[in-house]
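Below are the chains, spelled out letter by letter.
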Amino acid sequence: MQTGEFDTNQNNGTYASHYRGVMGAGLNGKVVGNNTTHCGSYYTDGMFYPGSKVRPADILDGTANTLAIGEKLYEPRTWLRGADTSDGGVNLCVTACGNVRWPINSDPCLLSYDASPETCLFNDIFFASRHTGGANFVYADASVHFVQDSISMPVYQALATIANGEVNTYSD
Amino acid sequence: MMTPARAVPGLRHAWAWLCLLAGLAGCGEQSPKTYLVEGKISFKGKLLPLGILTFVPKDGKAEVCKINPDGSYKLRAPAGKHAVEVIAVPAREGGRRDPNVEGGIDYRGVPAPKPLVPEKYNRYTTSGIEVEVLPSDSNTIDIILP
């Protein structure tokens, strides 16, 4: 899925993806790594993460209540990169998926992953779009919904996990 | 597939914006009223010189702001109770430039900086810190992490 926009930061000349998989919300210790710089940790309670083999039957929260893929605006990368490392494997930057860590459409100036100190880490870069008020997500049942950025954090996190036992209280 | 449209990216974007504006006309939900909150944030009696502070209300959007070098912060948040989370990790030093790695710098062999606050403060679910924003623009809330 190529959107025609170029990644101005890296991979000049290659198409950048503005969509990426949802790795989850990192609830109940479903976090790999304890990295606090640059790439950050990645979550493993969502549909897509490095090595994930999630089947429909694993989505106990219901496919209609689980986010699969969302829009990304800031720091796009090509899907083909998958994930890469700058620390010899310790620090895994997942380019094809992202953590649900910050609110949708967070202020990119505030949460820049290029900032020093790097308080917003690469894997945590927020889902975002150019649409006012939210971003589009594909749910696990293949339906597309516009999720408003006013969504409460606990509800957003619940949507991001596949089997955390929450009831979905969000409707668009 | 590479498309030849690269020559006129501005035009393509103009169309995208037009479609977007047309699609949004007349829609959009009123966001809740927010109030100014200011204060200082400290850990074990020392002001934090950096980091990100987040207010997470029971319902509604989480509000995020930077912690300034003097330990102060300022944000707007809806009235009510908010769970607080704080992440404070100093910048990494050193590393070698390498355009082939993510971020452009190879940090192999460079020790990661130590976070300034314990991990439990990184999540609103475990921080144990709660604040209440009053419906006024003169909220002064000093956040004290023990």
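Residues numbered from 1 in each chain as written. Chains lettered and ligands numbered in written order. Predicted model: local features only at pLDDT ≥ 70, side-chain atom pairs only at ≥ 80, totals over all residues. Heavy atoms only, no water.

Here the focus is the pairing of strand β1 (residues 34-43) of chain B. Residues and elements named next belong to chain B. When β1 meets strand β5 (residues 72-78), the two strands line up antiparallel, connected through seven bridges. In the sheet register, Leu36 faces β5, and the bridge partner there is Arg76. Pairing of β1 with strand β10 (residues 139-140) involves two bridges; the strand directions are parallel. Of the residues in β10, the one forming a bridge with Glu38 is Thr140. One ladder, built from three bridges, connects β1 with strand β11 (residues 143-145); its direction is parallel. By the bridge assignment for β11, Ser42 is matched with Ile144. Bridge count for β1 against strand β2 (residues 46-47) is two bridges, and the pairing is antiparallel. Pairing of Phe43 across the sheet is with Lys46, part of β2. (Pairing = 2+ DSSP bridges. Helix = DSSP H or I, 4+ residues; strand = E, 2+ residues; numbered from the N terminus.)

Moving on, we get to the sheet that holds strand β9 (residues 130-133) of chain B. Residues and elements named next belong to chain B. What the four strands build is an open sheet, ordered β4-β3-β6-β9; its pairing is antiparallel. Strands with a single pairing partner mark the edges of an open sheet, and in this sheet they are β4 (63-66) and β9. Mean inter-strand twist for the sheet, computed between neighbouring axes without regard to direction, equals 30 degrees. Note that strand β3 (residues 52-57) and β4 share four bridges and pair antiparallel. Of the residues in β4, the one forming a bridge with Ile52 is Lys66. (Axes fitted to C-alpha atoms, helices over the stretch in contact; angles between N-to-C directions.)

With that settled, the discussion passes to the packing of aromatic side chains. For any pair of aromatic rings, geometry is given as the distance between the ring centres together with the angle between the planes. All names here are of chain A. In this structure the tally under the stated criterion is five aromatic pairs over all chains. One Lys or Arg, Arg20, reaches over the ring of Phe127 and ends 4.3 Å from the middle of that ring. The ring of Trp102 carries the charged tip of Arg101 above its face, separated from the ring centre by 4.6 Å. (Phe/Tyr/Trp six-rings, centres within 6.5 Å; stacked < 30°, edge-to-face > 60°. Lys NZ or Arg CZ within 6 Å of the ring centre and 35° of its normal.)

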